[in-house]
Amino acid sequence: MIELCLLGATGSIGSQVLDLIREKRDVYRLAAFSFGHNINKALEIVEEFEPDLVCAVEELDANRIKSEFPKVDVAFGNKGLQQVATHNCLCPKVINALVGSVGLTPTLSAIEVGRDVYLANKETLVIGGEIVMAKAKEFGVKIIPIDSEHSAIFQLLNGNDIEDVDRIIITASGGSFRDISREDLIKVTKEDALNHPNWTMGAKITIDSATMMNKGFELIEAHYLFDLPMSKISYILHRESIIHSLVEFKDGSMFAQMATSDMRLPIKYALEYPSHSYTEMVEKLDLVKVGCLHFEELSLERYPMLGFAIEAINKGSVYPTILNAANEVAVGLFLEEKISFLDIEKIVKEALNNPIFDKFALGDLTIPKIMSVDELVRIQILTKYR
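Residues numbered from 1 in each chain as written. Predicted model: local features only at pLDDT ≥ 70, side-chain atom pairs only at ≥ 80, totals over all residues. Heavy atoms only, no water.

Brief notes about a negative patch on the surface
Part 1 of the reasoning: The grouping of Asp161, Glu163, Asp164 and Asp251 at the surface amounts to a negative patch.
Part 2 of the reasoning: Assignment of secondary structure puts glutamate 163 in the loop between helix H7 (148–157) and strand S8 (165–172).
Part 3 of the reasoning: By relative accessible area, glutamate 163 is classed as exposed at 53%. (Patch = residues over 30% accessible without salt bridge, like charges linked within 9 Å, V, L, I, M, F, W, Y side chains within 5 Å. Areas by Shrake-Rupley, 256 points an atom, 1.4 Å probe, with all protein chains shown as cover. Salt bridge = Lys/Arg side-chain N within 4 Å of Asp/Glu carboxyl O. Lys, Arg positive; Asp, Glu negative; His and termini not counted. Charge placed at Lys NZ, Arg CZ, Asp CG, Glu CD. Helix = DSSP H or I, 4+ residues; strand = E, 2+ residues; numbered from the N terminus. Buried < 20%, exposed > 50% of the residue type's maximum accessible area, 1.4 Å probe, protein only.)

Right, dumping it as structure tokens:
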């Protein structure tokens, strides 16, 4: 029996992990989980899966769970996330499906007790990739990607020599506004942005897909996950989201991983690697129905957020943290309808160019430095825009 410690059980990825548990109850057990603010869904999960430990964001929600399920251990806040990541159980697998920089600390906690981390939380590597990968090497653990793009690369590299790779190519759907000119982006609404053409995802990642920041984050993740220089990581617009990534080798051979747009497939592969065992959950790809595939250049002029991400990773140090924090706050403000869609770009650019952060780039990158910069970026933006 594999016992899962699931960070972010009520979100999109977390919900699909629960689908996998339901399909294979003889293989998986939900031992511990965390949730955000969806207390009603959390209560349903506790009743259905009977975990040992539950972590809430708020102490009030933790107390409610304890009152209704007195046999369940409860925790809350960042300390509680670390408890979930290190929960004492047999054959533990830690899945990080959190959204935002809050995912970094529990990832490090899991690594430091010798656990592999199955990672869907982009921000862990965006802001702390240098530290996380060094820690993983130190403790002899693996960081196994759950993102569809990185899962594709992970599969394609399996059995191949990384030295033979000429480049990896990450595909992008183009998001909700791929057919809208920059001029027309002035008047788009939150509802427009949340209407993704190919995927059903959480609100934040759907907005990131529309701005292309999501793809920028994925370039940074790939840099750390596969230990490749940015010069060997490229991107292309692929409308159908059938090819999830490609690897081109030095001899010109190009391999692609193809599948329907269903996140349960990369989740399943990560947990069962290197097996590709049968599942009824995921619809098989029918190439005749697909008919043809399309590829287009991804313009940094059209999608400047992608360029901001490349700028941040090239500068290194705290700049990816600045990028992430500014984006998180800006997306939140957009979802609250306090700023326009194009204001997201404006806020991120202002933060990256703010000279106040230059002093933090000096010296080694540390977790306290990352947290300080993250907090300062958020305070500055919220003071100005809220």
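Okay, back to it.
A word on the packing of aromatic side chains
Part 1 of the reasoning: Scanning the entire structure with this criterion turns up seven aromatic pairs.
Part 2 of the reasoning: Taken together, a centroid distance of 4.9 Å and an interplanar angle of 45° make the contact between phenylalanine 154 and tyrosine 273 tilted. Taken together, the positions of phenylalanine 154 in helix H7 and tyrosine 273 in the loop between helix H11 (264–272) and helix H12 (287–290) put the pair 119 residues apart, joining distant regions of the chain.
Part 3 of the reasoning: You can call tyrosine 273 partly exposed: its relative accessible area is 31%.
Part 4 of the reasoning: Pairing phenylalanine 177 with phenylalanine 341 gives two aromatic rings, centres 5.0 Å apart and planes at 85°, and the pair type is edge-to-face. One end of the pair, phenylalanine 177, is in the loop between S8 and helix H8 (190–193); the other, phenylalanine 341, is in helix H15 (residues 341–352), with 164 residues separating them in the sequence. In this pair, the class of phenylalanine 177 matches that of phenylalanine 341, namely buried.
Part 5 of the reasoning: One aromatic cluster in this structure is built from Phe154, Tyr269 and Tyr273.
Part 6 of the reasoning: Taking the ring centre of tyrosine 303 as reference, the NZ or CZ of arginine 302 above it sits at 4.6 Å.
Part 7 of the reasoning: Above the face of the tyrosine 319 ring, lysine 315 is positioned so that its terminal group lies 4.0 Å from the ring centre. (Phe/Tyr/Trp six-rings, centres within 6.5 Å; stacked < 30°, edge-to-face > 60°. Lys NZ or Arg CZ within 6 Å of the ring centre and 35° of its normal.)

Observations concerning the sheet that holds strand S1 (residues 2–7)
Part 1 of the reasoning: Strand order in this open sheet of seven strands is S4-S3-S2-S1-S5-S6-S7, and the pairing throughout is parallel. Only two strands of the sheet have a single neighbouring strand rather than two, namely strand S4 (73–76) and strand S7 (143–145). With strand direction ignored, the average angle separating the axes of adjacent strands in the sheet is 25°.
Part 2 of the reasoning: Relative to strand S2 (residues 28–34), S1 is paired through six bridges, and the arrangement is parallel. Each bridged residue has a counterpart across the sheet, and for leucine 7 the counterpart in S2 is serine 34.
Part 3 of the reasoning: The strands touched by helix H1 (residues 12–23) within the sheet are S1, S2 and strand S5 (92–96), with S1 carrying the most contacts at an inclination of about 165°.
Part 4 of the reasoning: Across the face of the sheet, helix H6 (residues 122–139) comes into contact with S5, strand S6 (117–119) and S7 while running at roughly 140° to S7. (Pairing = 2+ DSSP bridges. Axes fitted to C-alpha atoms, helices over the stretch in contact; angles between N-to-C directions. Contact = heavy atoms within 4.5 Å.)

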